[in-house]
Amino acid sequence: MSLMRLAYASEATFEAKPVEKGVEPHVARILMTSRKNNAKDQLVGGLYYGNDRFFQYLEGEEDAVRRTYDRILKDDRHRNIVTLIEEPLKSRTFSNWSMKYVPLSRDVRAFLDDQGLESFDPAAFTSEQCEKMIELVRNSSQEQNLVNRDGSESVGDAPQVLSSGMKTGLIVAGVVLVGALVIGGTML
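Below, the structure is looked at part by part. Quantities reported herein were computed from a predicted structural model and do not represent experimental measurements. (Residues numbered from 1 in each chain as written. Predicted model: local features only at pLDDT ≥ 70, side-chain atom pairs only at ≥ 80, totals over all residues. Heavy atoms only, no water.)

Some details on the overall build of the protein chain
Along its length, the protein chain carries five helices and five strands. The proportion of buried residues among the 188 residues of the protein chain is 39%. Considering only contacts within the protein chain whose residues lie at least 6 apart along the sequence, 74% involve residues at least 24 apart. Of the roughly 11000 Å² of accessible surface on the protein chain, a fraction of 54% belongs to carbon and sulfur atoms. (Helix = DSSP H or I, 4+ residues; strand = E, 2+ residues; numbered from the N terminus. Buried < 20%, exposed > 50% of the residue type's maximum accessible area, 1.4 Å probe, protein only. Contact = heavy atoms within 4.5 Å. Areas by Shrake-Rupley, 256 points an atom, 1.4 Å probe, with all protein chains shown as cover.)

Right, dumping it as structure tokens:
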């Protein structure tokens with residue numbers, strides 16, 4: 001079997017919702033499905049979503065990459081899909097990730113600034129910019145719930161059990177409860 005790599009750009013068809021746990025909810029669902037399917041097909045790669053646009057990189061066995069891309073082409077969450085790179089690959093370069101997600105980060109902002117780009121529009125990337133974006137995704141070390149191909153969490157990625165809003169609510173509830181106990185105790 002032969003290996004290949006593929007990168008594409010697309011526009012999201014959904015209206016972005018507020019970010020939850022560092023990821024837009026529609027994108028979170030795409031990531032969950034991608035990670036499951038890619039692990040089964042032994043595909044690796046990365047995804048970046050910003051400015052209502054996707055940049056995704058895949059590598060693996062040619063048949064699996066093509067099946068996955070065919071599904072993406074039919075996915076109604078994407079429109080204006082542009083193939084940026086499609087070529088044979090000698091060996092894997094994302095060996096640990098079924099689908100690495102890069103959140104909006106200083107790295108991406110620095111990349112855009114370095115390239116003289118005002119906004120994220122991967123469909124307009126040159127081949128050199130595509131390679132730089134792939135390298136950025138490959139080397140990104142943002143602390144997210146990134147799932148390895150084997151389903152284990154990455155080093156340093158502790159699961160977030162409570163959101164910051166829930167933590168604040170619990171603290172406020174605790175203060176109110178202590179206040180009620182103090183006031184109740186003085187009435188006895």
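There is more to say, and it comes next.
Some words on the environment of Gln42
Mapped onto the secondary structure, Gln42 falls in the loop between α1 (25–41) and β2 (44–50). C-alpha separation for the pair Gln42 and Val65, spaced 23 residues apart in sequence, amounts to 9.5 Å. Contact partners of Gln42, with chain neighbours within four places excluded, come to Glu59, Gly60 and Arg92.

Here we look at unusual backbone geometry
The phi torsion at Asn51 lies on the positive side, around 55°, for a residue other than glycine. By relative accessible area, which is 41% here, Asn51 ends up partly exposed. In this structure, Asn80 takes a positive phi of about 50° despite not being glycine. One can find Asn80 in strand β4 (residues 78–89).

Some details on the pattern of salt bridges
Going through the model one piece at a time under the given rule, you end up with eleven salt bridges. Taking the shortest distance from any N to any O, the salt bridge between Arg5 and Glu131 comes out at 2.4 Å. You can see Arg5 sitting in strand β1 (residues 3–12) and its partner Glu131 sitting in helix α4 (residues 127–139), a full 126 residues away along the chain. Look at Arg5 and you get buried, because its relative accessible area is 9%. Two residues, Asp113 and Arg109, come together in a salt bridge whose shortest N-O distance is 3.1 Å. Taken together, the positions of Asp113 and Arg109, both in helix α3 (residues 106–114) and four residues apart, correspond to about one turn of that helix. (Salt bridge = Lys/Arg side-chain N within 4 Å of Asp/Glu carboxyl O.)

A word on the side chain of Arg5
In terms of polar contacts, Arg5 uses its side chain to reach the side chain of Glu87, at 2.8 Å. Here Glu131 takes part through its side chain, which lies 2.4 Å from a polar atom of the side chain of Arg5. If we ignore the near neighbours within four places in the chain, the residues touching Arg5 are Tyr57, Leu58, Glu59, Ile85, Glu86, Glu87, Leu89, Glu131 and Ile134. (Polar contact = N/O pair within 3.5 Å; in protein donor to acceptor, adjacent residues only side chain to side chain.)

Thoughts on the packing of α3 against α4
Interaxial distance between α3 and α4 falls to 11 Å at its minimum, and their mutual angle equals 160°. Comparing the axis directions of α3 and α4 gives the class roughly antiparallel. As for the relative orientation of α3 and α4, their crossing is right-handed in sense. Two secondary-structure elements touch here, α3 through Asp107, Val108, Phe111 and Asp114 and α4 through Gln129, Lys132, Met133 and Leu136. (Axes fitted to C-alpha atoms, helices over the stretch in contact; angles between N-to-C directions. Parallel < 35°, antiparallel > 145°, perpendicular 65-115°, else oblique. Left-handed = near helix turned anticlockwise from the far one by under 90°.)

What to know about α3
Residues of α3 that are buried: Val108, Phe111 and Leu112. Across the axial projection of α3, the buried residues extend over an arc of 95°, all falling on one side. Those residues of α3 that are exposed and aimed more than 90 degrees away from the buried face are Arg106 and Asp114. Downstream of α3 by a residue or two, Gly116 has a phi angle that is positive, lying close to 70°. (Arc of directions from axis to C-beta.)

Remarks on the nonpolar core
Formed by 19 residues in total, the largest nonpolar core has its most connected members in Phe55, Tyr57, Phe120, Phe125, Met133 and Ile134. Broken down by secondary-structure element, the contributors of at least two residues to this core are β1, β2, β3 (53–61), β4, α3 and α4. In terms of residues, this core owes the most to one element, α4, which gives five residues. Apart from residues no more than four positions distant in its own chain, Phe55 is found in contact with Ala7, Tyr8, Gly46, Leu47, Tyr48, Leu84, Phe120, Pro122, Phe125, Cys130, Met133 and Ile134. (Core = buried A, V, L, I, M, F, W, Y, C linked by side-chain atoms within 4.5 Å.)

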